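Residues per chain, in single letters:
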Amino acid sequence: MDFNTKVIHGGQEPDPSTGAIMTPIYQTSTFAQSSPGIDKGYEYSRTANPTRTALENSLASIENGNYGLAFASGVAAIDAVLKMLNPGDEVISTNDLYGGTFRLFTKIFQKYGIKFHFVGMGKPDKIKEFINKHTKMIWVETPTNPMLNIIDIEKVSEIAKNHDSLLIVDNTFATPYLQNPLDLGADIVMHSATKYLGGHSDLVAGALVVKNKNLADELYFIQNSTGAICGPMDSFLVLRGIKTLHLRMQRHCENGRAIAEFLSSHPKVDNVYWPGFKTHPNHNIAVKQMKNFGGMVSFTLKDNNYKKAVKVLENLRIFTLAESLGGVESLSGHPASMSHGAIPKKEREKIGIIDSLIRLSVGVESKKDLIKDLEKALKLI
Ligand SMILES: *Cc1c(COP(=O)(O)O)cnc(C)c1O
């Protein structure tokens, strides 16, 4: 089945009790048993709920996996993966990581005796310097946030396999429309479904997808034991979002390209970070592992001035200044003061997060209007 069919039909059956085409919202905590232990496949909604099951089957289908798990948030999904580890185990992770993932690693799991190494993975061989007998996981985000670096998933997966380590890919920015990490050798693919999968900025949810049965069993056990599940209403909304993922992503990519090209020719703009440019350091890897380049674009101003960046952001009218990304509406963000504000200036500047860096989540509006909006705001500085 092609991706465009899978987003609508993958893992989906009309509701067995009524024939409803769209999976109903099973807003129930428990299910009747005809005799002790005899049920219709569901007993309690933390363990399994039919709306969540439909979403989990859809997730498995669109990521080319065999098993999907839906969580209350993206960080809840990450939390479940990390709970497979024991004290003394080590994780090697991308260095320009989503801020919430970095916080979960360093402020929560570090105190339970898990050690993290944060490594620039633009050249995957760098990972080998940190591998030892305690290494259990390699954690990759690509494209990265907010610098849009690209990491070679296939290369990293070879390294992980040679050292009996699991490879986890946070596929939130790319979505399964652009990239399928399980096909490139990853063991677990993770999503903040809050972003492109949900796609309408109206929910918070997370996802994991795997191919391997033992890995799935271990993660289901953790999900059921710790309980950070996706509720029936949110499961329904993510499912509904997924049905238009291919249409939205097509437009996100088209608009992302138009905005990146506009910005790169603007006299007040310095660097534009977008993996579609031939000058992007890992453009060739993006071409190899992604179908297109996505809707995330970051840029800096020629005059690297905090106040000027703020002025641009305050004067955008269609791009709304807000956390998050991946919705139909365009959003703008200022990493140095928002998502990466907690990182010391020196540290964040080392990876390129300077004061004038602006991150755009380009939505699916008219690209002409989006460009006009940027043009007007840039004129004021
Ligand atoms: C938002 C995000 C997360 C965290 O997901 P939540 O749904 O906010 O808990 C993890 N990774 C990336 C890349 C994200 O953008």
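Thresholds applied
Residues numbered from 1 in each chain as written. Predicted model: local features only at pLDDT ≥ 70, side-chain atom pairs only at ≥ 80, totals over all residues. Heavy atoms only, no water. Phe/Tyr/Trp six-rings, centres within 6.5 Å; stacked < 30°, edge-to-face > 60°. Helix = DSSP H or I, 4+ residues; strand = E, 2+ residues; numbered from the N terminus. Buried < 20%, exposed > 50% of the residue type's maximum accessible area, 1.4 Å probe, protein only. Core = buried A, V, L, I, M, F, W, Y, C linked by side-chain atoms within 4.5 Å. Contact = heavy atoms within 4.5 Å. Near = heavy atom within 4 Å. Polar contact = N/O pair within 3.5 Å; in protein donor to acceptor, adjacent residues only side chain to side chain. Areas by Shrake-Rupley, 256 points an atom, 1.4 Å probe, with all protein chains shown as cover. Nonpolar A, V, L, I, M, F, W, Y, C, P; charged D, E, K, R; others polar. Pairing = 2+ DSSP bridges. Salt bridge = Lys/Arg side-chain N within 4 Å of Asp/Glu carboxyl O. Domains from an automatic or database assignment. Buried area = accessible area lost by both parts, 1.4 Å probe.

**Remarks on the packing of aromatic side chains**
So, step 1. One pass over the full model with this rule turns up 8 aromatic pairs.
So, step 2. A centroid spacing of 4.6 Å and a plane angle of 10° characterise the contact between Phe105 and Phe116, whose relative ring orientation is stacked. You can see Phe105 sitting in helix α4 (residues 99-109) and its partner Phe116 sitting in strand β3 (residues 115-119), a full 11 residues away along the chain. By the burial criterion, Phe105 is buried, and Phe116 matches it.
So, step 3. When the ring of Phe116 is compared with that of Phe118, the centres are 6.3 Å apart and the planes differ by 15°; the resulting orientation is stacked.
So, step 4. Overall, the relative accessible area of 8% leaves Phe116 in the buried class.
So, step 5. Put simply, the rings of Phe102, Phe105, Phe116, Phe118 and Trp139 pair up and form one aromatic cluster.

**Brief notes about the nonpolar core**
So, step 1. With 62 residues, the main nonpolar core has Ile259, Leu263 and Leu360 as its most contacted residues.
So, step 2. If one sorts the elements of this core by residue count, helix α9 (residues 245-264) sits on top with 8 residues.
So, step 3. Those residues in contact with Ile259 that lie beyond four places of it in its chain are Phe319, Leu360, Val362, Leu370, Ile371 and Leu374.
So, step 4. Residues Ala80, Met84, Leu219 and Ile222 belong to the second largest nonpolar core, which totals 28 residues.

**Notes on the site of the ligand**
So, step 1. If you check the shell around the ligand, you find 13 residues, and the closest are Gly74, Asp170, Ser192, Thr194 and Lys195.
So, step 2. Between the ligand and Gly74 there is a distance of 2.9 Å, counted from an oxygen atom to a backbone nitrogen or oxygen.
So, step 3. In the model, an oxygen atom of the ligand is placed 2.8 Å from a nitrogen or oxygen of the Lys195 side chain.
So, step 4. Taking 380 Å² as the accessible area of the ligand by itself, protein coverage stands at 93%.
So, step 5. For the shell around the ligand, a count of residues per class yields 5 nonpolar, 5 polar and 3 charged.

**Some thoughts on the pairing of β3**
So, step 1. In this structure, strand β2 (residues 90-94) lies alongside β3, joined through 5 bridges in parallel fashion. Residue pairing in the sheet places Ser93 in a bridge with Phe118 of β3.

**A short note on the side chain of His266**
So, step 1. Among the structural elements, His266 can be located in the loop between α9 and β8 (269-273).
So, step 2. A polar contact of 3.1 Å, which involves the side chain of His266, links it to the backbone nitrogen of Lys268.

**Structural notes on the pattern of salt bridges**
So, step 1. In this structure the tally under the stated criterion is 15 salt bridges.
So, step 2. Of the charged contacts in the structure, one is a salt bridge between Lys83 and Asp79, with a shortest N-O distance of 2.5 Å.
So, step 3. The partly exposed category is assigned to Lys83, whose relative accessible area is 37%.
So, step 4. Classification of Asp79 as buried rests on a relative accessible area of 16%.
So, step 5. Close ionic contact of Asp217 with Lys213 constitutes a salt bridge, the shortest N to O distance being 2.9 Å. Here Asp217 and its partner Lys213 are both found in helix α7 (residues 213-226), 4 residues apart, which amounts to about one turn of the helix.
So, step 6. Among the charged side chains, a network of salt bridges with common partners joins Lys345, Arg348, Glu349 and Asp355.

**Concerning unusual backbone geometry**
So, step 1. Cis rather than trans, the peptide bond between Thr142 and Pro143 has omega equal to -5°.
So, step 2. By the secondary structure assignment, Pro143 is in the loop between β4 (135-141) and α5 (153-162).
So, step 3. Cis geometry is found at the peptide bond from Asn145 to Pro146, where omega equals 5°.
So, step 4. With respect to the helices, strands and loops of the structure, Pro146 is situated in the loop between β4 and α5.

**Topic: the domain arrangement of the chain**
When the parts of a complex come together, some accessible area is lost, and that lost area is often taken as the interface size.
So, step 1. Each domain of the chain was delimited in the assignment, giving domain 1 (3-242) and domain 2 (245-379).
So, step 2. Taken over C-alpha atoms, the centre of domain 1 sits 26 Å from the centre of domain 2.
So, step 3. Counting residues at the interface gives 37 residues for domain 1 and 38 residues for domain 2.
So, step 4. When domain 1 packs against domain 2, the two sides together hide about 3200 Å² of surface, and 62% of this comes from carbon and sulfur.
So, step 5. When the buried surface of domain 1 facing domain 2 is broken down by residue, Met147, Tyr177 and Tyr196 rank first, second and third, together holding 24% of it.
So, step 6. In this structure, the connection of domain 1 to domain 2 is made through 2 salt bridges.
So, step 7. Where Asp152 meets Lys288, a salt bridge forms, and the shortest distance between an N and an O atom there is 3.1 Å.
So, step 8. Linking domain 1 with domain 2 are 17 residue pairs in polar contact (both at pLDDT 80 or more).
So, step 9. The set of elements that each furnish at least two residues to the side of domain 1 that touches domain 2 consists of α1 (3-9), α5, α6 (175-178) and α8 (232-242).
So, step 10. Its residues placed into classes, the side of domain 1 that touches domain 2 shows 20 nonpolar, 13 polar and 4 charged.

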